[in-house]
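# Report on the structure
Spelled out, the chains give:
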Amino acid sequence: MKGLDLEKLQAYLDSPPLSGTMFAGGRSNLTYAVTDGVNRWVLRRPPLGHVLPTAHDMAREHKVLDALSKAGFPVPKPVLLCTDTEVIGAPFYLMEHVDGTIYRDAAGLSPTEFRELTFTLVDTLADLHALDPQAIGLGDFGKPEGFNARQVRRWKQQLDASRSRELSGIDELHARLATDIPDGAGAVVHGDFRLDNVLVSDKLTVNAVLDWEMSTLGDPLSDLALMLIYAGRPMLERDGVPVAPIDIPGHPTLDEISARYAERSKRDVSDLHWYVGFAAFKLAVILEGVHYRYTKGQTVGPGFDTVGAMVPALVEQGHRALEGN
């Protein structure tokens, strides 16, 4: 299986014979279901090739999952961390397998159910931001002071490391974002919070929030803004056609999402223009990195061929957000 040598993993774990499958849909870290016939785990490892500095840190993911699971927040409980790259060719960690449904297209949900599920996601995000990092053992997980300024610099560096083509307007967008950067309160932020990063129960409650590779201590409004970007972009597919979550019947409006978050978190969300502009830039850079790996033959699984086409529209959206549109 590409990216995971089950025989080497079996030897490392000293376990019975293992079987496994790769989860579809991931665009960054690779995720596999692994079982010895009795126990079920999920393994996470970095992508193949072109791993950017500071990205895909397995130890950080393991640390945040451990702290959040102990705090009672819905995440998979980590089982072990292996930083020895000789075992499977990359650092990795194992976590418990959590049952639930990932709604990549809201299929099977009525408009009422989809609306309520979306609000549940908003509440879950607000609850994450309400946690005291120091109290749950994440006081050293990041530096909230100057978070937004560092993010602007960091994602420009990530862009420069993934350049393979001309992208009209993206450098200008970065330059605009680098002026008048807001300061925000510190909280545990997920960094990529969206519908298909959540395992949902049959009762439409959240069993687990997944994919913590970009988590840190930072400005909680950055998570909210990225959720708004994801809601408005055609990132899902229905019957093979790209569709934005907000265009699926039942999805709340962007204003309703912001209002729900404000009510739950008691935070001021009256001016999100900069945050939405930055969220568009960040997602554009993330997808450009995925596109770069695709062009180099370093991606695993289907669906990567269309990622690059999403980037220009995100750049345009970032500019419009900064202009108040």
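Just so you know, these numbers come straight off a predicted model, no measurement behind them. (Residues numbered from 1 in each chain as written. Predicted model: local features only at pLDDT ≥ 70, side-chain atom pairs only at ≥ 80, totals over all residues. Heavy atoms only, no water.)

## A look at helix α6 (residues 220–232)
Look at α6: 19 Å from first C-alpha to last across 13 residues, which is about the 18 Å you get at 1.5 Å a residue. The element α6 is largely enclosed, with a buried count of 12 among its 13 residues. For α6, the set of buried residues is Pro-220, Leu-221, Ser-222, Asp-223, Leu-224, Ala-225, Leu-226, Met-227, Leu-228, Ile-229, Tyr-230 and Ala-231. The opening residue of α6, the one whose side-chain oxygen lies 3.0 Å from the backbone nitrogen of Leu-221, is Asp-219. (Helix = DSSP H or I, 4+ residues; strand = E, 2+ residues; numbered from the N terminus. Expected span 1.5 Å × (residues − 1). Buried < 20%, exposed > 50% of the residue type's maximum accessible area, 1.4 Å probe, protein only. Polar contact = N/O pair within 3.5 Å; in protein donor to acceptor, adjacent residues only side chain to side chain.)

## Description of the packing of helix α4 (residues 147–161) against helix α8 (residues 273–295)
At a minimum axis separation of 9 Å, α4 and α8 run at an interaxial angle of 25°. The angle between α4 and α8 places the two elements in the roughly parallel class. In terms of crossing hand, the pair formed by α4 and α8 is left-handed. Here Asn-148, Gln-151, Val-152, Trp-155, Lys-156, Gln-158 and Leu-159 of α4 come into contact with α8, specifically with Trp-274, Tyr-275, Phe-278, Phe-281, Lys-282, Val-285 and Ile-286. (Axes fitted to C-alpha atoms, helices over the stretch in contact; angles between N-to-C directions. Parallel < 35°, antiparallel > 145°, perpendicular 65-115°, else oblique. Left-handed = near helix turned anticlockwise from the far one by under 90°. Contact = heavy atoms within 4.5 Å.)

## Considering the pairing of strand β2 (residues 30–35)
Among the six residues of β2, five are classified as buried, and the element is accordingly described as predominantly covered. Taken together, the six bridges between β2 and strand β3 (residues 40–45) define a ladder with antiparallel strand orientation. If you follow Thr-31 over to β3, its bridge partner there is Arg-44. Here β2 folds back onto β3 in antiparallel fashion, the turn holding four residues, of which Gly-37 has a positive phi close to 100°. (Pairing = 2+ DSSP bridges.)

## Section: the sheet that holds strand β4 (residues 78–82)
Sheet architecture is open: five strands sit in the order β1-β2-β3-β5-β4, paired in antiparallel fashion. If you trace the sheet from one side to the other, it starts and ends with β1 (19–22) and β4, each paired once. Geometrically, the sheet is characterised by an average inter-axis angle of 20° between neighbouring strands, direction not taken into account. Of the strands in this sheet, β1, β2, β3, β4 and β5 (92–96) touch helix α1 (residues 6–13), which is tilted by about 105° from β4. Taken strand by strand, helix α2 (residues 58–70) contacts β3, β4 and β5, and its axis lies near 160° from that of β4.

## Some points on the packing of α6 against α8
The interhelical angle for the contact between α6 and α8, taken along N-to-C directions, is 65°, at an axis separation of 8 Å. Taken together, the axes of α6 and α8 are roughly perpendicular relative to one another. Like other packed secondary-structure pairs, α6 and α8 cross with a definite hand, here right-handed. Here Leu-221, Ser-222, Ala-225, Leu-226, Leu-228, Ile-229 and Tyr-230 of α6 come into contact with α8, specifically with Tyr-275, Val-276, Ala-279, Ala-280, Lys-282 and Leu-283. Classifying every residue of the contact of α6 with α8 gives 11 nonpolar, one polar and one charged. (Nonpolar A, V, L, I, M, F, W, Y, C, P; charged D, E, K, R; others polar.)

## A closer look at the packing of aromatic side chains
In the structure shown here, the tally under the stated rule is five aromatic pairs. Centre to centre, the rings of Tyr-12 and Phe-92 are 6.0 Å apart; their planes meet at 80°, and the pair counts as edge-to-face. A residue pair is termed long-range when its members are at least 10 positions apart, and Tyr-12 in helix α1 and Phe-92 in strand β5 qualify at 80 residues. You can call Phe-92 buried: its relative accessible area is 0%. Summarising the aromatic geometry, the rings of Trp-274 and Tyr-275 are spaced 5.5 Å apart at their centres and angled 90° between planes, so their arrangement reads as edge-to-face. Exposure class is identical for Trp-274 and Tyr-275. Each is buried. Aromatic ring contacts, followed pair by pair, group Trp-274, Tyr-275, Phe-278 and Phe-281 into a single cluster. Here the guanidinium or amino end of Arg-60 rests over the ring plane of Phe-141, the centre of that ring lying 4.0 Å away. (Phe/Tyr/Trp six-rings, centres within 6.5 Å; stacked < 30°, edge-to-face > 60°. Lys NZ or Arg CZ within 6 Å of the ring centre and 35° of its normal.)

## Comments concerning the side chain of Asp-223
When you line up the elements, Asp-223 lands in helix α6. One buried charged side chain, Asp-223, makes no salt bridge at all; its nearest oppositely charged neighbour is Lys-282, positioned 5.8 Å away. When neighbours within four sequence positions are excluded, Asp-223 is seen to be in contact with Leu-125, Leu-128, His-129, Val-189, His-190, Gly-191 and Asp-192. (Lys, Arg positive; Asp, Glu negative; His and termini not counted. Salt bridge = Lys/Arg side-chain N within 4 Å of Asp/Glu carboxyl O.)

## Focus: the confidence of the model for the protein chain
Predicted confidence across the protein chain gives a mean pLDDT of 92, with 94% of residues reaching 70 or more. Across residues 50–55, where pLDDT falls below 50, the model places 15 contacts with residues more than four positions away in sequence or in other chains. (pLDDT = per-residue confidence, 0-100.)

## Some thoughts on the nonpolar core
Core analysis: the biggest nonpolar cluster contains 74 residues, and Leu-68, Leu-121, Trp-212, Leu-224, Tyr-261, Leu-272 and Phe-281 have the highest contact counts within it. Ranked by residue count, the leading element in this core is α8, at 12 residues. (Core = buried A, V, L, I, M, F, W, Y, C linked by side-chain atoms within 4.5 Å.)

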